[in-house]
Amino acid sequence: MLQVNKPTSEINRDFAEADSSPSQTLTSYLEIVRRQFPTMIAIVSACVILALLYLFTAAPQFTSTASMVIDTRKVQLFQQQSVLGDIAVDSATVETQVEILKSENISLAVIRDLHLIDDPDFIGNGGGALGAVLEFAGNLFSDGHAPSEFELTRKALERFEKNRTIKRLGLTYVMEIGFTSKDPQKAARIANAIADAYIVDQLEAKYQATRRASVWLQDRIKELRTQASAAQKAVVDFKTANNIVDTGGRLMNEQQLAEVNSQLVLAHAGTAEAKARLDRMNSILKQDIPDANVADALKNDTIVKLRAQYVDMASKESIWSTKYGHDHLAALNLRNQMAEIKKNIQDELKRIQESYKSEYDIAVTREEAIKSSLANAVSESQLTNQAQVQLRELESNAQSYQAMYDNFLQRYMESVQQQSFPITEARVISAATAPLIKSYPKSLIILGAALFGGLLVSFGVAMARELTDKVFRTTGQVEEELATNCIAILPALAAPGPIASGPIKVGKKSNPEPDFLRYVVDNPLSRFSEAVRSLKVAIDLNSIVRENRVLAVTSTLPNEGKSTLSTNLAQLIAHGGARVILVDADLRNPSLSRALRPDAKSGLVDLVSHKAQLDEVVSVDPQTGLTILPAGITSKLLHTNEVLASKPMRDLVALLRSRYDYVVVDMPPMAPVVDVRVTSSFVDSFVFVVEWGKTKIDVVRHNLRGAPEIQDKLLGVVLNKADTKLLARYESYHGRYYYQKYYARYGYVE
C-alpha cells in the first residue's frame, strides 16, 4: 500500500483544490494551452488553410438590392375610393405582400420576361469544377432525352428562388428585394425585374377586379334606374289623387300650420309683455313720487321734468323750513307748488296706465284670434294625416332607389376611371444597381469563423488529449500520484554523442552494434549524464539516513530503460573511482547479459548454486573499472523467484557488500513477474524507472500498491526517455532553454 502520511506536495494539492479560484482555473487552462500548443496550432492552421482554399476556389457572388414601399397615400387626381373598398395597410398586409413577392406567379413572370430558361446559370449545375462534376454525373445517369420546357422552367424556378431574398425592413412598410448572381449586372437586372413584375401583377389584379365589378355594376344600374323611375312616378300620382300640393318641399297645410303656430307664439309673447308693462305701471301708481330709475325706464320727458322740479323744490323747502321755521310763508308756498307737481305726475302716470291697458287688451284679442285659426288648421291637417303617411312612405322608397342608383353610378364611373388610370400602392424607392463588392463569400467572416471554429475545435481536442493523457509527464504527477520523489528525468537518446561510442569491451568483443550502455562515459557532459549524476547524488544523500549500498533498478513494464539506467549508473559511479559491481538479476530476460557479456557461460545462477566462484564469472571494464556479473544460463530455470529469495542469494549479496562499495542490481519488471518483491530483504533501495509519456499512471500505481515492501524502500522514481522539446511545455524549467547555453560550450547541445 501507499504511505499513509501524505507528502508536502499532496497536502499542497489538497489545499489548492479546497481553495481554488478563478485565477487558478485560468492558469490551469493556460497550462493546457501551453502543453497542447502545437496540436492547437496545427488544427487552427488546418481550418484557416481550408478557409483560404475555399475562398480561392469559390466563385464570387454579387447581390443587388431594390427597395419598394407600400404607400398608403392615394393619388386623388386619378383615383377615388376603390370600388372594392380600401383595406387599411397594417403589419399583416405588409407581410402578405412579402409572400406575394415570393410567390411562383411573380418568379415565373420574371423567368418568362428575361428568358432565364436559356441562361446556363439557371438550367446548369452552378458552374465551376463542382458544377462540371454534377453535370457529368447527371449526363451519365440520364435516360438520354432532352428536358422539356416545363422541366427547364421548374429547374430555373428552383435556382431562381434559391438566389432570391425578400424581406421586410423592421416594422416599416418597406420591402427589400435582393438577388444574388455571379454577374453583378444580371443581379441588378433581375432584382429590378422582380419589383416591376410585382407592380404589374398588382395593377393587373386591380384591373381584373375593377373590370368584373364594372360589368356587374352595369346590370345593377339598369335595374336600379327602372326601380327609381317607378318610385318617383308613384309619388307624383299619389299627390295628384289626394290634391296634395308641394311648396318648397313641404305640403301646403303643413306650411300654413307652421306659420299659424309661429304667429301664436309671437302673439302670446306680445300679450305677456303688455301685461308686464301694465302690472309695472300699477305698482308705480302706488308710489307718491316715482324714483329716478322708474322715471328713466318710462322714457317720458314730462314725468322726468316734473320729478326734477319736485326734487328741487323739496330741497329748497327743507332749507327754508330749517332756516325760518316750518310755518314760514315761503315754505308754505314751496309745499303748495310741490303738491301741484305731484298731482301732475299722478295724472301723467294714469294716462300712461290707460295706454298700457289698451295695448294689453289688443294683444289678448289678437292671441285669441290666432288660437282660433290654429284650431281650424289643426282640424284640417287631421283630415290629410293618412294621406301624408302614405306619401312619406312613397317618397322614402323613391329616395332610397334614387340614392342606390346614384351610388352605383358613382362606383361605376370610378371603376371606369381606374381602368383608364391604373394606380398601385407599391412603388420602387430605390432601384437595384450593379454591386461593386462581392457579397459572397465574405472573406473576413469566413476567415474569422474558420479561426474561431479552429480555436474551439483545437481547445476541445486539447482538453480531450489532456483527459485521455493518463501517463507520467511531470515530477509533480509522480509526487501526487505515487507519493514519492521524482529523482531525475532522463532525456531520450536519439543517437550517440560526438565521442565514438560502442559496447563495453570486457574480454572478447561483444555486441558490435552501437548502443547507449556507455553513454555517460562517451558523453560525460550531456544532459543524460547530468540526470544520472543527480540520481547518484540522491543515493549518497539517502546514505546519511540508512545504508544505501545495494541498489536495485526496476520498472513496471519491459523496455522502459531500466537496464540502460542501471548500466550507466554503475559506470558513472565506477568511473568516479568507487568499487562497483553491476549484477544482472533479470533471470527471465537477461538482456543486460546479452548486451555486455554475450559469450558468458556462467554467472549469477552458478554462484547461487555453488557451481562457480565469484572471480570466475565476473569481468572488469578496463576503462571505468566496473565489475559485471552476468545472469548466466537461465533458460532452464522455472522458478526464478525461488533463486532470488534463497539463502545462497542473500549470502552472495553479503559477500558483494564486503568487496564493493556499491552493488547495482538490474531487476526484472514488476508487472510480468514477482521476482522483485522477494529481493526486498537484501536490497537497500529501489530505483523505479517509468517511461515518460508512455507508461500508464494506473498501471504503476497498481503495481506499487501491491508491493508495500518495495514502496517502503523506494528511493524514488526516474522518468526515462523524456522528449525534451515536449517536456518544456509541461515543466518549463526542464526545457532546453536552461541547458543549451551551458552545453553549447562543449558541443553537447540536445
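Rules behind the numbers
Residues numbered from 1 in each chain as written. Predicted model: local features only at pLDDT ≥ 70, side-chain atom pairs only at ≥ 80, totals over all residues. Heavy atoms only, no water. Helix = DSSP H or I, 4+ residues; strand = E, 2+ residues; numbered from the N terminus. Buried < 20%, exposed > 50% of the residue type's maximum accessible area, 1.4 Å probe, protein only. Contact = heavy atoms within 4.5 Å. Areas by Shrake-Rupley, 256 points an atom, 1.4 Å probe, with all protein chains shown as cover. Core = buried A, V, L, I, M, F, W, Y, C linked by side-chain atoms within 4.5 Å. Phe/Tyr/Trp six-rings, centres within 6.5 Å; stacked < 30°, edge-to-face > 60°. Lys NZ or Arg CZ within 6 Å of the ring centre and 35° of its normal. Pairing = 2+ DSSP bridges. pLDDT = per-residue confidence, 0-100. Patch = residues over 30% accessible without salt bridge, like charges linked within 9 Å, V, L, I, M, F, W, Y side chains within 5 Å. Salt bridge = Lys/Arg side-chain N within 4 Å of Asp/Glu carboxyl O. Expected span 1.5 Å × (residues − 1). Axes fitted to C-alpha atoms, helices over the stretch in contact; angles between N-to-C directions. Parallel < 35°, antiparallel > 145°, perpendicular 65-115°, else oblique. Left-handed = near helix turned anticlockwise from the far one by under 90°. Nonpolar A, V, L, I, M, F, W, Y, C, P; charged D, E, K, R; others polar. Arc of directions from axis to C-beta.

1. Brief notes about the overall build of the protein chain
Phase 1: A count of helical and extended segments in the protein chain gives 28 helices and 14 strands.
Phase 2: With 750 residues in all, the protein chain has 40% of them scored as buried.
Phase 3: A sequence separation of at least 24 residues applies to 81% of the contacts in the protein chain between residues at least 6 apart.
Phase 4: Split by element, the accessible area of the protein chain, about 41600 Å² in all, is 57% carbon and sulfur.

2. Concerning the nonpolar core
Phase 1: Membership of the largest hydrophobic core comes to 50 residues, with the highest contact counts inside it found for L604 and L719.
Phase 2: If we ignore the near neighbours within four places in the chain, the residues touching L604 are V583, D584, A585, L587, L629, P630, A631, G632, M649 and L652.

3. Focus: the packing of aromatic side chains
Phase 1: As enumerated under the stated definition, the model contains four aromatic pairs in all.
Phase 2: With 6.5 Å between their ring centres and 75° between their planes, Y54 and Y440 make a pair best called edge-to-face. One end of the pair, Y54, is in helix 3 (residues 37-57); the other, Y440, is in the loop between strand 6 (426-430) and helix 15 (443-468), with 386 residues separating them in the sequence.
Phase 3: Under the relative-accessibility criterion, Y440 is labelled partly exposed at 41%.
Phase 4: With 5.4 Å between their ring centres and 80° between their planes, Y519 and F528 make a pair best called edge-to-face.
Phase 5: Judged by its relative accessible area of 8%, Y519 falls in the buried class.
Phase 6: Residue classification places F528 among the buried positions, given a relative accessible area of 2%.
Phase 7: Cluster of aromatic residues (ring-pair linked, three or more members): F122, F160 and F179.
Phase 8: Taking the ring centre of W692 as reference, the NZ or CZ of R473 above it sits at 5.0 Å.

4. Points about the sheet that holds strand 12 (residues 662-666)
Phase 1: Here we have eight strands laid out as an open sheet, ordered 7-14-13-8-12-9-11-10, and mixed in their pairing. Two strands close off the open sheet at either side, each with one partner strand: strand 7 (486-491) and strand 10 (619-620).
Phase 2: In terms of strand pairing, strand 9 (residues 580-584) meets strand 12 through five bridges, oriented parallel. Directly across from V580, in strand 12, lies its bridge partner Y662.

5. Let's talk about the environment of K694
Phase 1: Structurally, K694 can be placed in the loop between strand 13 (685-691) and helix 25 (697-705).
Phase 2: Residue classification places K694 among the exposed positions, given a relative accessible area of 57%.
Phase 3: In sequence terms K694 and R473 are 221 residues apart; their C-alpha atoms lie 8.8 Å from each other.

6. Some details on the confidence of the model for the protein chain
Phase 1: When pLDDT is averaged along the protein chain, the result is 79, and 81% of the positions lie at 70 or above.
Phase 2: In this model, residues 1-20 is a region of pLDDT below 50 whose contacts with residues beyond four sequence positions or in other chains number 20 contacts.
Phase 3: In this model, residues 496-514 is a region of pLDDT below 50 whose contacts with residues beyond four sequence positions or in other chains number 43 contacts.

7. What about the pairing of strand 13?
Phase 1: Across the seven residues that make up strand 13, a large majority, seven, are buried.
Phase 2: Burial of the side chains of strand 13 extends over both faces: S685, V687, V689 and E691 are buried on one face and F686, F688 and V690 on the other.
Phase 3: Bridge count for strand 8 (residues 550-555) against strand 13 is five bridges, and the pairing is parallel. Bridge pairing in strand 13 places S555 opposite V689.

8. Remarks on a nonpolar patch on the surface
Phase 1: A contiguous nonpolar surface patch, about 450 Å² in accessible area, is contributed by V537, L541, I544 and V545.
Phase 2: Within the fold, V545 resides in the loop between helix 18 (527-542) and strand 8.

9. Concerning helix 12 (residues 301-324)
One turn of the α-helix equals 3.6 residues, which is why residues spaced by three or four share an orientation.
Phase 1: Its 24 residues give helix 12 an end-to-end C-alpha distance of 34 Å, which sits within 8% of 34 Å, the value for a rise of 1.5 Å per residue.
Phase 2: Among the residues of helix 12, those classed as buried are I303, L306, Y310, M313, E317 and S321.
Phase 3: Following helix 12 by one or two positions, G325 adopts a phi angle in the positive range, close to 105°.

10. Some thoughts on the pattern of salt bridges
Phase 1: Evaluation of the coordinates by the stated rule reveals 26 salt bridges.
Phase 2: Put simply, K186 and D119 hold a salt bridge, and the shortest N to O gap is 2.7 Å. Taken together, the residues span a long stretch of sequence, with K186 in helix 9 (residues 184-241) and D119 in the loop between helix 5 (104-114) and helix 6 (120-123) at a distance of 67 residues. Accessibility classification places K186 together with D119 in one group, the buried group.
Phase 3: Note that K316 is salt-bridged to D312, the shortest N-O span being 3.8 Å. Pair noted here: K316 and D312 are both in helix 12, with a separation of four residues, about one helical turn.
Phase 4: For K316, a relative accessible area of 41% gives the class partly exposed.
Phase 5: Through salt bridges with shared partners, a single network forms among E547, R549, R657 and D684.

11. With respect to the packing of helix 4 (residues 91-102) against helix 9
Phase 1: It is the contact of helix 4 with helix 9, at a shortest axis distance of 10 Å, that shows an interaxial angle of 110°. With respect to their mutual orientation, helix 4 and helix 9 come out roughly perpendicular. Crossing handedness for the pair helix 4 and helix 9: right-handed. Contacts from Q97, I100 and L101 of helix 4 reach helix 9 at I194, Y198, D201 and Q202.
Phase 2: Taken together, the residues that form the contact of helix 4 with helix 9 break down as four nonpolar, two polar and one charged.

12. What about helix 4?
Phase 1: With 12 residues, helix 4 extends 17 Å from end C-alpha to end C-alpha; this agrees with the ideal 16 Å at 1.5 Å per step.
Phase 2: Those residues of helix 4 not exposed but buried are T93, V94, Q97, V98 and L101. The buried residues of helix 4 occupy one face: seen down the axis, they fall within an arc of 150°.
Phase 3: At its buried positions, helix 4 is contacted by strand 1 (62-70), helix 5, strand 2 (164-168), strand 3 (174-181) and helix 9.

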